[in-house]
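If you want the building blocks of each chain, they are given just below.
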Amino acid sequence: MTAPDLIVVGAGPVGLACAIEARLDGMDVLVVEPRSGPIDKACGEGLMPGALAALHRIGVDPAGRPLAGIAYIDRDARVEHRFAERPGRGVRRTVLHAALAERAESLGARRAEGRVTGVSHSGDRVRLELADGGSLEAPWAIAADGLHSPMRRLLGLERRPQAEARRRFGVRRHYAVEPWSDLVEVHWSPVAEAYVTPVDERTVGVAVLGRRPLDQEAVLASLPGLASRLTGVGTIGSLRGAGPLLQRARSRSSGRTLLAGDASGYVDALTGEGMRVGFAQARAAVAAVRAGDTEQYERAWRATTRDFRMLTSALVIAARSRFRPRIVPTAAARPELFGSIVERLSR
């Protein structure tokens, strides 16, 4: 195998977006991933308008259900905002992954099955050691290997984890029911949030976020309005979990390896910004590789994630505080403020 210009570690959505961006820029790219087939993950599955626009720019248009906006709901209040310019889309994670993989393959991105167990830099080369005893080399690497990134750890970029009592997790399950709304509904219980996302004409995904132990059925039972819609409804597939959600990196690069997507650091799924931010990082990482400038990527990463980090962190702090019961009523009393925040995060 000839050495590529770029190795992407991880074939999730952001890793595949990196591969597509690199191929569109004329690079020879190799994607390394130990798993085969569409990769599923516990996530909300709602693509904000900005995320969908980013996919369209790279020639990807996954099937799904149009999303007109966001609603926050609790027992006493409801507030909603409909996107001002264009809709988002609810897309099953496996459908999104398959569409990105097809596009990457059509552009000539190469793929190798393997698990990276070591990384080193020498001069202008990155060397990756694989679990089967083999190795790969390239001038650059981008690690997009997820929330619990082995590459982040191998590079020594892992930061101290959050205290157990403050960690948040997520679980997700699909229900075989016709969507009753064209909005992503966020139902607030006293201890957790339930995200309801229409993903096709006959399916909704329900993701629950909160502290452990996280019992999805117990959370749904505490939300009568939502529970009444799901009572007696069949489930599709198995319950999937993820977390802890907060992940921090000391830096977004080491040597000639860059971190992208959740591997580069993540706050929380509460504002639904993961994909939009991840696709922007993919574009910025490939631009930095082309320029040969890791500092360019660090600056772009901070600019790209600034709103996500600030607004999501503030909302998570409020959700863990005594002000939690006032979040939805306050938003309902100030719908223009709620709408401006949604618009800012959705672009």
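Whatever comes next refers back to the structure up there.
Fair warning: this is a prediction, and the values are worked out from it, not measured in the lab.

**Digging into the nonpolar core**
Nonpolar side chains tend to gather and get buried jointly when the protein is soluble and globular. Counting residues in each nonpolar core, the largest one holds 41 residues, and the members touching the most others are Leu6, Leu47, Leu100, Ile142 and Tyr297. Elements supplying a minimum of two residues to this core: β1 (6–9), α1 (13–24), β2 (29–33), α2 (49–57), α3 (93–106), β12 (140–143), α7 (274–291) and α8 (294–319). Considering every element that reaches this core, the biggest residue donor is α7, with eight residues. With residues near it in sequence (within four places) discarded, Leu47 still touches Leu52, Leu55, Pro62, Leu67, Gly88, Arg89, Val91, Leu96 and Met275.

**Description of the pattern of salt bridges**
The full count for this structure, using the stated rule, is 26 salt bridges. As a salt-bridge pair, Glu80 and Arg82 come within 3.6 Å of each other at their nearest N and O atoms. On the basis of relative accessibility, which here comes to 34%, the residue Glu80 falls in the partly exposed class. On the basis of relative accessibility, which here comes to 42%, the residue Arg82 falls in the partly exposed class. Note that Asp182 is salt-bridged to Arg82, the shortest N-O span being 3.1 Å. Pair noted here: Asp182 is in the loop between β13 (169–175) and β14 (183–188) and Arg82 is in strand β6 (residues 78–82), with a separation of 100 residues, a long-range link.

Reading the values: the criteria
- Residues numbered from 1 in each chain as written.
- Predicted model: local features only at pLDDT ≥ 70, side-chain atom pairs only at ≥ 80, totals over all residues.
- Heavy atoms only, no water.
- Core = buried A, V, L, I, M, F, W, Y, C linked by side-chain atoms within 4.5 Å.
- Buried < 20%, exposed > 50% of the residue type's maximum accessible area, 1.4 Å probe, protein only.
- Helix = DSSP H or I, 4+ residues; strand = E, 2+ residues; numbered from the N terminus.
- Contact = heavy atoms within 4.5 Å.
- Salt bridge = Lys/Arg side-chain N within 4 Å of Asp/Glu carboxyl O.

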